[in-house]
Structure formats: C-alpha cells, structure tokens
Amino acid sequence: MIGSLAYCILGTLLVGAVAQDTTVPQIGVDDSLWYPYDETLLLKPLPNNDLLLSFTFQLQSEPFDPAVSSHSFDAYEYYTTFPRAIPPLLDSTATRQFHLRFTRGFWDALSWGQLPHGGKQAGASGVELWSLVQAADQEQAFQNWKKLANSLSGLFCSSLNFVDKSRTTFPRRSYASASASPLFNDTENLYLMRASLPNEPICTENLTPFIKLLPTRGHSGLTSLLDGHKLFDSLWNSISLDITTVCTENGDSLCHYEMEAHVDMATHVPSALARNERPIPKPLDGNSLRCDMDKPFDSYQCFPLPDPSETHLKLSQLFSKPIKNGNLFANRPTKICADVDRSTWTAHLSVDDTIYSTHDNCFELSNDQNESGSGYDFILESSDTTQVSPVDPVPIHVGRSLTGNGQDRGGIRTAFHNDNDTPVKLIYFESLPWFVRVYLSSLQITSTTSSHLHEDDIITDKYYLQAADRQRPAHLEFTMLIPAHSDIVMTYQFDKALLQFAEYPPDANHGFEIDAAVITVLSPESEEPVYETRTSTLLLSLSTPDFSMPYNVIILTSTIMGLIFGMLYNLMVKRIVTVDEADKIMLNSGLKYKLLKLKEKLLKTKQTKID
Amino acid sequence: MLIAMRLPLLLLYLLVLPFSGANNTDEAHETIATNTNNWAVLVSTSRFWFNYRHMANVLSMYRTVKRLGIPDSQIILMLSDDVACNSRNLFPGSVFNNKDHAIDLYGDSVEVDYRGYEVTVENFIRLLTDRWTEDHPKSKRLLTDENSNIFIYMTGHGGDDFLKFQDAEEIASEDIADAFQQMYEKKRYKEIFFMVDTCQANTMYSKFYSPNILAVGSSEMDESSYSHHSDVEIGVAVIDRFTYYCLDFLENIDKNSTLTLQDLFDSFTFERIHSHVGVRTDLFQRDPSEVLITDFFANVQNVIPDDSKPLSLSHYHHYKDYIGTAQYEQNNNVLDLALEKNHENFSSSKFDRLTKRFKSTNELNVDIGSNEYSLAFSKQSVTLGLMFVVMIVLFILSGNTTKANYNLYNN
Amino acid sequence: MVSTEFKVALGCIATRLAVMCLFPSLQQQLDKSVEFSTPVTSFRSLQEGIYLLRNNIQVYNHGVVHHPPILVLFLSLFDSDKLISIIYASLDGLIAYQLTKMTKVFKNLKVQSWLPGLLYAVNPLVLLSCVSRSSIIFTNFAISSSLYCILTEGNVILSSVMISVAGYLSFYPLLLLIPLLGMLKSWRQRMFSVIVSILSLLILLLFSYNMLGGESWSFLTQVYGSIISFQKVFPNLGLWWYFFIEMFDTFIPFFKAVFNIFIAAFITPFTLRYHKQPFYAFILCIGWIVLTKPYPSLGDAGFFFSFLPFFTPLFGYLRYPIISALLFLHAIVLAPIFYHLWVVLGSGNSNFFYAISLVYALALASILVDLNWAMLRIEYDNGVPNFKLKVTQI
C-alpha cells in the first residue's frame, strides 16, 4: 500500500519534471544561467550502528590568464562562487596547489574498512598542510610557504603560524599529486612542502571560516546542516580543503582554480540520537532499560540487550534541523545518496509531508518541491542494522607505538599487518621532530609469521635525512614490500634531547606530540598511489629541568667556577714564606699597619696644630 | 634700537595670545563620542580545564560585543586553551556561563584569533603596538587608527601589578602602561576602556599614564575576585562574579541604549561582587556619566565628512575629445588612465593569446639533494696519506731528538 | 723472560676481555649511562656513523655523529664485534705498557715500575670506560703516546704528531701542546714541534675532507663545532649542561665564549709556573681539561688519576687528601642514583643530579688545588722535604 503510494508520488514527480514550467527556471536545464557548484551528501551505515556521512563541495573559479599580473591597474578579477579570499593568497605566494586537513578522532579500520575517498581526504590527527609552491630556489620556496601558512592561520583560526623550518619536510615520493601542475615561469621550479601540527585542537572556530568559504555560507543547502555541536560529537571527523590550479592545454590556454572541500564524520547513531533527549549522559531509570528476557530479570537484575538493530533514522534528528533547501544558484542540484544494503535498508527523502524514493537511493533536491519552505529531511530505515553494504577491505593495517621507559631514550615500533593474498607495496613516510635523535643503525625488521627475513626484502628503498637541531625534522621515507598474509614489525631506537629553558611549552609535563606516519599504498603494476592511511600521533614525554631555577643555577655554577679559579690563581701568584716571615712582612705592609700609620699621621698633624 | 621696537610688539602679542579664541572649542570638555570605529580585544590568559570560567568570561564579552554590532574583523579574541572541544567537556562544541545552560557562548560562528600557545605576553604586546613581521595575517592584527575606541578585557589569574599568562609567564602593569603609551604616540586609539577581572585587579591599571583611558578592575590590592557559581555537570566554576554582574547589566542593552558607563559602575556593589570594584577616570577626558555604553560595546559608526575640494570630473567628461591624440595631460585620475590604456590595448595589435604561458611539470623538489654520499678515496687523499707517512719516517730518521733528564723532587 | 711492561700490558688486556666476556650486556648498559658516555664519545653514535658510511648516506649532515671521519672509517673496516673488543682492550694494554715504561725513566722515583701500570689495569673508572667502548680511549692513547715518545725516546716529532692526533680526535687536547713545549729545551725545538703538529693536523683534516668525497667541510662544524659550541645539551658530570639549559637566550653566545676561555685559562699559567717541572705541568693541564671540558666522562678522570702515582713524593704535602677522595667517591656513587631518580623514575628532580655534578667538580678541583699546593711546597723545600715547617702565602 505504502509502496504503491510511493510509486504514485514518484510518477507525479517524473511527470512534473517532464512538463516544465517555463516561468520558473529549473535546475539542470540551461548551464549558462547557473554557477559551477556541486554539493553532495553520502550516507553510509557502518557496522556497530555507526554511520558515515560525507559532505562533498566542488567549486571552480572563472578562468584567468596567468601571464597578466594582477598588479597592473587595468587587471580585473571576476568571482562568482569561488571564495574571494583564496586567489590573492595563491598569487602572492606563487602556490599552485595546497591541501589542508583538520582531522580529529580515531578511524576504526577493523570495523569500518577503508577511509572514505580512498584515504586521500583524511589527514593525521590535528592539522596537516602541504602545498606546491613555485620559486627560484629552496629558500625562496620556504619563504612563500611560510607566508602561506601564516595567511591560512589567520583565515582558518588555527595555529598554522607555528609551521616553521623545524616542522617542514620536503617529501620525495609521498604526497604525489595526481596530475601535472603548471609552472608559470620557466626559470623557476616547483617545490612540495608539508607540515603537520598534531596537537592542534579542532573546534567550531575552524569550521566557521570553512563554511564561510562556500557560496551558500551555511544558510541553504547542505551547509545548513554543518554544525559544530554535532560534528565534534562524532567518533571521527575530518574537514579537508584542496585547491588546485588547472590549465587547459588547448584553445586559449587559460587557467582556473578548482576547489574541493569535504567534511566527513563517523558517528555512533544511538548516542547521537540520545543526546537530543538527554544532553548529559546519565544512567537510564529502570523503566527505560531494555532487558534481556532470556536471562534472570527482576527489579534488581537486568542483563541489558545490545543496541536495537531496527532503526528509523531521520537526518533532522541527527542534526536537530532539516536541510533548508537545495542550493539556489548552481547548475547542478544538491544531491543526497545512501550507500545501503538493499535487502534490509530503505532510504527516503521527505519534504512537505511527501516521501520520495528512487531506484538507486540517490536524490536531487530541486526547489520546486519545497514550496512551504519547511525543508528537506532524509529518512533511513532498517530492519537489521547489522547488515550493511560491504566495507572495502583495507589494504594494510598499520599501528605505531613508542617503546621503552625513561625520559632520555626510547624506541618506535611500527607493526604492519597484511591480510590480503598479494604482497602490498607502500611508501612509509615519517617526520620526527629534531629532539627525537634517531639511530638508524638500530633499525630492525622482525616478523611473527616468517622466520628468515632479510631487511632488504622488506625495505627496498631507504631515504633518511638527519634532523638538524631547531632547523629541520628527521625525515624517513622507506619503500616497503609487505608479503601476503604476514605481520612485519619495524623498530628503531632514539635518544630524547633536553630542550632549552625557553623552548618548553607552558604545560611541559603534558609531553610533545610526534606527527603521524603517512602510508601510501601503491598499486602493484603502475606504482600509482591507490590508498593513503595514517598511524596515530604519539605523545613523547621529555625530561624537564627545574623551571624555577634559572638564577640559582647561574649563581651556583658561577660560584663554583669562580671558587676554583680563585683558589688556583691565589696559589699561582703568591709566594710561599714561613709564618714568622709572613707576620713580619704583614707588620710592615698589611692593612693593620696602614691603618696604624694613618692614625699616627692624623695624631701628628693634630699635635702640630696644637703646637 | 631695533630691539626696542620689537619688544613692545612681542609684549602685545603675548597679551593677545590668551584671548585668541581659535582653540577654545577644541579644549572644551567633549561630551559626545567622535570615534568612527569600535574594536574589542578580549583576552583570557589561563590554561587548563579548571580555568573554564575564564574562557566563559571572555566568550560572554565576545557574545555581547558581537550582539551589539562589532564585526568579527574588529574583534581580537585570545583564548589560551580549548574548552569547547576538550575531551573533558560533556557538551562538545558548547561553552556555558550559567548552570541553566541558557546561552551557548560558542554558538555557530565563533572566530578565535589567538588560541592555545599563541596567547603569550609577547604576542599581546605586539598586538597592541602592531609590531609584527610582514607575514602576519591581517585578521590577527589590531588595525586601529586615531578614531578608534577600543574595549580591552583581560581575565585570568593575577596579583599585585601582574597578570599570569598560561601559568608560565607574567605581564606587569608597567608593560601594559608602556604599550598604551606607544599606542598613544602612534595615534592608534581615540579612547580605551580597559576592564580586568582577576585577583587584585585594580593594581593592573595603577601604572597607566597615557590620556583617554578609562579603567575598571574587579578587586583592590590584597583582595581576591571570586567565581560566581559552579556547574555540577561540567564540574568546574563557570563564571566570575564581576563578569556575571557585568553581563547582567549588559544583557539589557541594545544598540540604541542611552545608558551610560556610570550606570554600569553604579550597578557594581560589594554585596554582589564580594570585592571592591575600582574605576580610574583621571586619565579620561569625559565623565563616565556622559559616556554611553554603546560608545565602547557597540559598533557605532560616526562619519567624519571630508571637507577638501571635490574631485573634478571635467577630464572624464572631455575624454571623448582625446581620441586619436597622443598627448595625455598629466592627470591623477585613475579612471582616466584606465580608459586611456584600454583604448590603447584595443587599438593595437599586441593582442596575441596564442602563446603558451605555462608549462606542465611533474618534477618537484628538483634541486634538493638526495643526502647520498659515497666514500671516495680520490687520488688526492691517497697521496696525502702516503706523504704523511713518508714525512714521519724521514723526520724520525733525520734525528733532532732530545733526551731529557727529568728529576722530580723527592725524599 | 717477559719484561714487566709486557706482563702489565697483558694483564690489562686480560682484565678487559674477561669483563667483556663475563658481562656481555655491560657494554650497552654503560653506553646508556651519562657518566661514561657523552654524545660526542658514545659507541652508539659511532655505530651510527659506521652504518651511515656503509649505506652511502651522508654522515655529517647534522644528526647524531660527532666522531672524526678517520676514526669512523677505521672502525668501519672491522665487521666483527669481537675484533672491536680486542682493539679497545689492546689500546688499554698499550697505555698500561707506556705507563710502565715511563715510570722507568724517572730514576729517582722510588716506586715500583709496574705500579702505575697495575693501577691503571685495575682502575675501575678506566676499565668501565673501556668496556663501554667510549671513544675517549683513542684520545687518551694519543696523549699517553705523546708523553711516552717525549720521555722515553725524546722523540719530538712523534710526540707533536700524537698531540695533534689527540687534538684531531677530541678538540681540547690540542691545548696540551703548550705544556709539551714546556718539556722541550730550546726554542728551536719548540718551533719545530709547533710546525710539525700544525702540519700533521692539517694533513689529517685534509685527508678527512678528501675522504668524504671532497663534498664539504661540514664535518668540521659537526665534530669540532659541536664540542666548542656545546650543541648537544645532554646531562653529564660537567659544569656546562645545566648552565646552558637555564641561561637566557641572548646571553648564551657570550657565556659559551667565557667557558671556552675558562678551559684555556690555566694551561699557560701552569706551564709557566712549573717550568722546572714540565711533566707535572702537563699532568696538571690534563686534569684541568678534564675538569672544565664540555663533555667530560669518568674515563677522562680515571686517565688523569692513573698519572698520580708519578707524584708520590708530593703525597706527604697534601693537606686534605681524605676529603678530596671522599668527595670524589660521594659524587660518583650518587650520580647514577640521582640520574635514575630524575630520568627513569621521575620522582627526583634535575636539581639532584645537578648538585652532584657540582660536588664532582669540587672534588676534582680540590684534588688539583691540593696537588698544586704540594708542588709549591716541595719547590720551596728544594726537594728536601720538611713537613714541620709552617708556611703561608702572601
């Protein structure tokens, strides 16, 4: 009954779409009237009652001529949907691409499989930035990079201004871009630089400027759902921004900028819904407990059932508001898709008390349906939430941890686990701060699955750039081949340095964060990157000097040095005489003698005066 | 003789001077504000979760000035720790200043300019005096001019003539006074309203010596400022008394309010705040009873008209007569220049868009070395080694030795 | 019949090898302790240098390696661990041999010729330093060879060359050229010695430069620059580390210069004041460098103490030998404990270890001062000891 009703409604929708009203412009009809802007939301239920939501926003700028300098007074810039803040930044720092990632939380790869978008849109915990900069030499490139990081820190309210030489690396094979980048000056080169701030807190102040960059600015379309309270209540969330310069080879050889922004979040649905009723997680009272009837059950005993496997989930419940309307100006309508297991899940779009469904669970929001302005809502229903569409298997599981105790040395242990039938080729990139003094000679590869293992079989190419104190982080880039069905463990030792008094942060005993290691999985034939993943960041505790002691230390050490110097100096320059001789000499030249003489002199003069 | 003639003139001039009324109106007591823009600098200086109330203080002030119209581009917000998205916060993304959770201070569009480790004494003084490197982004600078009214609010843990920043360093009241003097000399403010909510807060403004500063502090020397109440669910105190009663007053203000600062000061009583609020008005030209609250907290936009000669448009109107001539009069009208240049461009045939202006490349980081090295025993090194050995042998053979008898003193 | 010196040397080698075999993990333990290993002498960083050399990675492009290139090259020629142990043990044996031979030179010295050698062999500080494979042993060998050459054979060239080798290996023993000049008789000889040592140092540096593919002089900043400018601040028993951690940024270059001048401060005065006893001046200079160098270790102190038996006539004049000895023992017993408390357990403070390093400095200083006083006293007595005389200084 309901199904036939739904089909009726669908039919009217299609008929409505065919019989176009020429007075109201329809989205998707005439591209030249509308601006280039794409927004999509993908919902994917994950095992354990989790839900992955991926918001994608794509923009393009108007074309520009790279030869015309923007400084000449008759140059003009034409902006439609592309944010006004970005192109001057790219121009003044000669940046061709930059990629910014704000990530928070833990992605449970064992349950949830691959990261969304092949891991290419997720960063390490904290802030990560990498960019392609055009410059004449490495020093100039670094100056441009620093300017870019400072400007982005102001734009995104994050502490990217802490990116300096001691955090920047020049990756060799990781972070390779998919396509060639344009070089506007033949005499200069392109430089790839990357930095990460692992202990950066991500909060609403990073989301606010992000939303303001998009043309809908949080007032309509999918951006009206983005809310810091819901986004940061999730198990894992990532905000990413990619800006690239694309130049067309043919025709009038103009270039334009492309921007791709993603917001991905993985939430646990029952907790997110429960927060609407009970903002503070308090224990439920006895009546609302769901108890297992097969086990002993009375007023004092209750064996709680697991989370219910039936669900009727509304997006407006999850975000506390519906989607206001589709975007009103783009050449393609807002799209919402659900990637569900068809046998147990259904997805519907609800607007104005009407419910729509499609055959591929993808919906386009065209504004002629939302006549009352009450907004769009999306409904996911399931009879068995444990059945989800299959998660993509992760090519490699990597975990990294610190070993050793004591605050003067330690080790890093990375474990690779390959479940597949084929060996996995990957690039392992690690950037360690300078106070982690690596001993590469202590590198060891062991395996629990195979006994005779040669290091050269696993690590086929090794690049190691030593850290320079306060100038450069340690840079390791290994090309590794992990055999099929194997567990490989890589360990190496390091010394922890003592920093100078002023270099410790205000909460020095919290520890120092070490960047995550970046693993790029390559395809076996073409050596192109297919998947990217990152390990967790590490917290390193360094020994601290006593911060209340600077003056005391200076005084004590100087005293000891002065004491030693004084004693030896006295011994060297004075001559030895016997005590009696000394007394005689002192009698004629010591301080007492001099005072006596002075007294005599005064008395003499007095006497003469009297006389 | 000449001197004798000049002297009476001099005396006459000196006599007339006091009566020349040209400057009288400028020295007269100003009663209305003449600022053209309003800025706010809101600083929280404490770190760690148990100082939640200091973030809540600052965010409450932030909300107030935003509500009354000061845009984010004119607010510098410095929060020394992240409490909204702290894992200890039961309400992610929210900061409350009252246990009834009526207002979420963090809201949806907060922009924090200085966060975490960036809130240091050095950055605060640099912000006030605007001494930055050229990379520093505009949104993090205090771009005030001589027509700006600035509201500066500081909260945290303080003491006698100092304020603690992040539990690691201190700013002295003399430092702030000197920074304000620099601002005065660089004409970076018209009037400053300085509000500080810490223990012994009144000592913080005791050292100011620049004009046009009005200061209010929450407690006297040797007096502590107290927090208002704790929230059991969040687990810490959520607001300080002084700021709580300040907000109590300010929540009733809107952009058109005619209440004055004296009304605000009158609302602070010892019974409510539990400490003696101090106000310093000797450096301020106007009387607080004449200063509207909206002069500092709202974004009032007075306009100063430009009385200089109007721009003549005669050149533009006569432009059409210039077609074809190459004689351009010297003019500084940019619009004219643009039109002339554009005319040039279209009339010439330099319009060649077919040349390639870019080159696609996939080579990155080309001139960075590969940190490789190979042990090279070049001919030079081998010859050096041999030379060394030969030299030693020769010298040994040739002699020039010496034998010495070393006697030690002995018994 | 095997001569005494060979017996002593063999005994020395035997003890080292015995300890190394009986306690195989002792090397790593000692290499991790701050009393015996410093960033510029530790075996770990030497291994790192060898590894980088073998894997064609630049050795001196910043990083942890501060050992001079020729040393790294020399040890990279040996693959087996046992061979390296034998090298270290035999170097110690050679030093013992040299000490024994030197004792024989001093005919007036009423001490058994094998005594200094034997004391060296059983000296726990030197033994543990050898077991930890600290590279200070090469420097010590060069210094003792220089003394051996000048005392037993009177060979000016070789001793100058060995001094410059010692200076090439760690920087400060180059200052010992000045007391060496004090040991020579005529100005012509001194000139010659200076020229020879400068020449050999230049050749060593040029060889290192060429060895590294002639790429850069970066090894200079990495090896010598890090010692002089104290780049790697790491706790040790010296006076430098805590001072430069707590010092304010703007004054650090000034104080580094002051500390460097402090090391050089007493070399010339000792040489000049004891020009009649140049050997004694040489030993005092060794002691002074051990006290004031930026990266001291107990191996240096042990090496200094092994020369004290040459001065038995002075022992009667020492004013407070017990106090100096007890201070020293106190310092070296408590230092590892306080370091452990600070770094491993986290229950102690860095101030504990710092205080002990100050006590250690005082102990060494009191030994030096006492020796000085004894020598001045014996000079006053013109070699005929008169312990009863009460003297003072003015």
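Numbering of residues begins from 1 in every chain and follows the order in which that chain's sequence is written. Going through the entries in the order they are written, you letter the chains from A and number the ligands from 1. Totals for whole chains, interfaces and linings use every residue, but because this is a predicted model, local features are given only for residues with pLDDT of at least 70 and side-chain atom pairs only at 80 or more, for both listing and counting. With hydrogens and water stripped out, all remaining heavy atoms of the structure feed into the side-chain values.

- In the nomenclature of an unreviewed UniProt entry, chain C is known as GPI-anchor transamidase subunit gab1 of Saccharomyces pastorianus.
- UniProt positions are given in the numbering used here, feature names are shortened, and annotations may be inferred rather than shown by experiment. The Pathway (unreviewed entry) comment attached to chain C in UniProt states, word for word, "Glycolipid biosynthesis; glycosylphosphatidylinositol-anchor biosynthesis."
- Quoted verbatim from the Sequence similarities (unreviewed entry) field of the UniProt record, the comment on chain C reads "Belongs to the PIGU family."

- Per an unreviewed UniProt entry, chain A goes by GPI16-like protein and derives from Saccharomyces eubayanus.

Topic: the state of the cysteines
(1) Moving on: In what follows, a disulfide is any cysteine sulfur pair within 2.5 Å. Under the definition given, this model contains four disulfides over all chains.
(2) Moving on: Here Cys203(A) connects covalently by a disulfide to Cys85(B), the sulfurs 2.1 Å from one another. One disulfide, between Cys203(A) and Cys85(B), carries an S-S torsion of 80° and so falls in the right-handed class. Residue Cys203(A) is located in the loop between strand 6 (189-197) and helix 5 (204-213), and its partner Cys85(B) is located in the loop between strand 2 (75-79) and strand 3 (114-115); the two belong to separate chains. For the pair Cys203(A) and Cys85(B), a shared accessibility class is recorded, and that class is buried.
(3) Moving on: Note that Cys337(A) is cross-linked by a disulfide to Cys362(A), the S-S spacing being 1.9 Å. Handedness here is read from the sign of the S-S torsion; for Cys337(A) and Cys362(A), about 115°, the answer is right-handed. With Cys337(A) in strand 10 (residues 334-338) and Cys362(A) in strand 13 (residues 362-365), this residue pair connects regions lying 25 residues apart in the sequence. Segments assigned H or I by DSSP are reported as helices when at least four residues long, segments assigned E as strands when at least two residues long, and all are numbered from the N terminus. Only protein chains enter the calculation, and the probe is 1.4 Å; a residue is then buried if its accessible area is under 20% of its type maximum, exposed if over 50%, and partly exposed in between.

Looking at the UniProt feature "transmembrane region" (unreviewed entry) in chain C
Residues and elements named next belong to chain C.
(1) Moving on: Under the UniProt annotation, the feature "transmembrane region" (unreviewed entry) is placed at residues 121-144, 156-180, 192-212, 239-267, 301-318, 325-345 and 351-369.
(2) Moving on: For residues 301-318, the helix share is 28%, the strand share is 0%, and the end-to-end C-alpha distance is 19 Å.
(3) Moving on: What you have in residues 351-369 is 100% helix and 0% strand, and the ends, taken at the C-alpha atoms, are 26 Å apart.

Focus on the interface of chain A and chain B
(1) Moving on: Between chain A and chain B, the contact holds 68 residues from the first and 50 residues from the second.
(2) Moving on: Once two parts are brought into contact, the accessible area they lose, counted with a 1.4 Å probe and summed over both, makes up the buried area. For the pair chain A and chain B, the summed buried area comes to about 5000 Å², and 53% of that belongs to carbon and sulfur atoms.
(3) Moving on: A pairing counts as a salt bridge when a side-chain nitrogen of Lys or Arg comes within 4 Å of a carboxyl oxygen of Asp or Glu. Taken together, chain A and chain B are joined by four salt bridges.
(4) Moving on: The definition of a polar contact used here is a pair of N or O atoms within 3.5 Å, where within protein one atom must be able to donate a hydrogen and the other to accept one, and adjacent residues in sequence count solely through side-chain atom pairs. The interface formed by chain A and chain B includes 18 residue pairs in polar contact (both at pLDDT 80 or more).
(5) Moving on: Looking at the side of chain A that touches chain B, the elements that each hand over two or more residues are helix 4 (138-156), strand 5 (181-183), strand 6, helix 5 and strand 19 (459-465) of chain A. In what follows, a contact means two residues having at least one pair of non-hydrogen atoms within 4.5 Å.

Points about the environment of Thr15(C)
Residues and elements named next belong to chain C.
(1) Moving on: Tracing the chain through its elements places Thr15 in helix 1 (residues 4-22).
(2) Moving on: The class for Thr15 is partly exposed, based on a relative accessible area of 28%.
(3) Moving on: Between the C-alpha atoms of Thr15 and Ala121, which are 106 residues apart in sequence, the distance is 7.3 Å.
(4) Moving on: Setting aside residues up to four positions removed in sequence, Thr15 forms contacts with Ala121 and Leu127.
(5) Moving on: A distance of 3.4 Å separates a polar atom in the side chain of Thr15 from a polar atom in the side chain of Arg16.

With respect to the interface of chain C and chain A
Much of the literature gives interface size as the accessible area that the parts lose upon coming together.
(1) Moving on: Taken together, the 64 residues of chain C in the interface contact 59 residues of chain A.
(2) Moving on: Interface of chain C and chain A: buried area, both sides summed, is about 5600 Å²; carbon and sulfur atoms make up 67% of it.
(3) Moving on: Inspection of the region where chain C meets chain A yields one salt bridge.
(4) Moving on: For Asp495(A), the salt bridge identified is with Arg44(C), shortest N-O distance 2.7 Å.
(5) Moving on: Taken together, chain C and chain A are joined by 19 residue pairs in polar contact (both at pLDDT 80 or more).
(6) Moving on: When contributions to the side of chain C that touches chain A are tallied by element, the ones reaching two or more residues are helix 3 (43-54), helix 13 (240-246), helix 14 (252-265), helix 15 (267-273), helix 16 (278-292), helix 18 (321-345), helix 19 (350-380) and strand 1 (391-393) of chain C.
(7) Moving on: At 13 residues, the largest contribution of residues to the side of chain C that touches chain A is made by helix 19 of chain C.
(8) Moving on: Classes in brief: Ala, Val, Leu, Ile, Met, Phe, Trp, Tyr, Cys and Pro nonpolar; Asp, Glu, Lys and Arg charged; the others, Gly included, polar. Residues of the side of chain C that touches chain A, tallied by class, amount to 42 nonpolar, 13 polar and nine charged.
(9) Moving on: In the sheet, strand 26 (residues 576-578) of chain A pairs with strand 1 of chain C via three bridges, with the strands oriented antiparallel. Opposite Thr578(A), over in strand 1 of chain C, you have Val391(C) as the bridge partner. Only when DSSP finds a minimum of two bridges between them are two strands counted as paired.

Focus on the sheet that holds strand 21 (residues 486-496) of chain A
All names here are of chain A.
(1) Moving on: With antiparallel pairing, four strands are arranged side by side in an open sheet as 15-16-21-18. Because the sheet does not close on itself, it has two edges, and the strands there are strand 15 (397-403) and strand 18 (436-447). Direction aside, neighbouring strands of the sheet carry axes that sit 20° apart on average.
(2) Moving on: Where strand 15 meets strand 16 (residues 409-418), seven bridges bridge the pair, whose relative direction is antiparallel. Its bridge partner lying in strand 16, His397 is registered against His417. The convention used is that axes are lines fitted to C-alpha atoms, helices contributing only their stretch in contact, and that angles between N-to-C directions extend from 0 to 180 degrees.

A short note on the pattern of salt bridges
(1) Moving on: Inspection of the entire model under this criterion finds 45 salt bridges over all chains.
(2) Moving on: For the salt bridge of Asp72(B) with Lys66(B), the shortest nitrogen-to-oxygen distance reads 3.0 Å.
(3) Moving on: Residue classification places Asp72(B) among the buried positions, given a relative accessible area of 17%.
(4) Moving on: By relative accessible area, Lys66(B) is classed as partly exposed at 26%.
(5) Moving on: A salt bridge links Asp79(C) to Arg54(C); the shortest N-O distance between them is 3.1 Å.

Brief notes about the nonpolar core
(1) Moving on: Ranked by internal contacts, the top residues of the largest apolar core, which has 209 residues, are Met480(A), Phe279(C), Phe282(C), Ile286(C), Trp288(C), Phe307(C) and Phe328(C).
(2) Moving on: The element contributing the most residues to this core is helix 19 of chain C, with 18 residues.
(3) Moving on: Ignoring any residue separated from it by four or fewer positions in sequence, one finds Phe282(C) in contact with Ile143(C), Leu147(C), Ile163(C), Leu176(C), Pro179(C), Leu180(C) and Met183(C).
(4) Moving on: The criterion is simple. A nonpolar core is a set of buried Ala, Val, Leu, Ile, Met, Phe, Trp, Tyr and Cys residues joined through side-chain atoms within 4.5 Å. Among the nonpolar cores identified, the runner-up in size contains 133 residues, and Phe55(A), Leu59(A), Val133(A) and Phe268(B) belong to it.

Side note on the packing of helix 1 of chain C against helix 5 (residues 81-105) of chain C
Residue and element names in this part refer to chain C.
(1) Moving on: With their axes 8 Å apart at the nearest point, helix 1 and helix 5 run at an angle of 150° to one another. The angle between helix 1 and helix 5 places the two elements in the roughly antiparallel class. In this structure, helix 1 crosses over helix 5, and the sense of that crossing is right-handed. Between helix 1 and helix 5, the contacting residues are Thr4, Glu5, Phe6, Val8, Ala9, Cys12, Ile13, Arg16, Leu17 and Met20 on the first element and Ser85, Ile86, Ala89, Ser90, Asp92, Gly93, Ala96, Tyr97, Thr100, Lys101 and Lys104 on the second. These descriptions rest on fixed angle ranges, namely under 35 degrees for roughly parallel, over 145 for roughly antiparallel, 65 to 115 for roughly perpendicular, and the rest for oblique. With the far helix as reference, a near helix turned anticlockwise by less than a right angle produces a left-handed crossing, and one turned clockwise produces a right-handed crossing.

Comments concerning the pairing of strand 4 (residues 148-155) of chain B
Residues and elements named next belong to chain B.
(1) Moving on: Burial of strand 4 is extensive: eight of the eight residues sit out of reach of the surface.
(2) Moving on: As paired strands, strand 1 (residues 37-44) and strand 4 are joined by eight bridges and run parallel to one another. Each bridged residue has a counterpart across the sheet, and for Val43 the counterpart in strand 4 is Met154.

Here we look at the sheet that holds strand 4 of chain B
Residue and element names in this part refer to chain B.
(1) Moving on: Read from one edge of the open sheet, seven strands run 3-2-1-4-8-9-12, paired in mixed fashion. For this open sheet the edge positions go to strand 3 and strand 12 (278-280), each flanked by a neighbour on one side alone.
(2) Moving on: With seven bridges connecting them, strand 4 and strand 8 (residues 191-197) associate as parallel partners. Paired with Asn149 across the bridge in strand 8 is Glu191.
(3) Moving on: Sheet contacts for helix 5 (residues 173-185): strand 4, strand 8 and strand 9 (213-217); angle to strand 8, the most-contacted strand, approximately 165°.

So, the environment of Ile192(B)
All names here are of chain B.
(1) Moving on: Note on placement: Ile192 falls in strand 8.
(2) Moving on: By relative accessible area, Ile192 is classed as buried at 0%.
(3) Moving on: Sequence spacing of Ile192 and Asn202 is ten residues, and the spatial spacing of their C-alpha atoms is 16 Å.
(4) Moving on: Once you skip the residues sitting within four places of it in the chain, Ile192 turns out to touch Ile150, Ile152, Phe180, Met183, Asn212, Ile213, Leu214, Phe284 and Phe296.

Considerations on the confidence of the model for chain A
(1) Moving on: Looking at chain A, pLDDT values average 87 and 93% of them are 70 or higher.
(2) Moving on: Residue-level confidence of the predictor is what pLDDT reports, using numbers from 0 through 100. Long-range and interchain partners of residues 11-28 of chain A, a stretch whose pLDDT sits below 50, account for 14 contacts in this model, where long-range means more than four residues apart.

Structural notes on the confidence of the model for chain C
Detailed reading of predicted coordinates is not advised where the pLDDT is low.
(1) Moving on: Put simply, chain C has an average pLDDT of 91, and 98% of its residues get 70 or more.
(2) Moving on: This complex was scored by the predictor with a pTM of 0.87 and an ipTM of 0.92.

A few points about the side chain of Asn97(B)
Residues and elements named next belong to chain B.
(1) Moving on: Mapped onto the elements of the fold, Asn97 is located in the loop between strand 2 and strand 3.
(2) Moving on: Within polar-contact distance, the side chain of Asn97 engages the side chain of Ser60 at 3.1 Å.
(3) Moving on: The residues contacting Asn97, other than those within four sequence positions of it, are Ala56, Ser60, Leu105, His229, Val238, Ile239 and Leu247.

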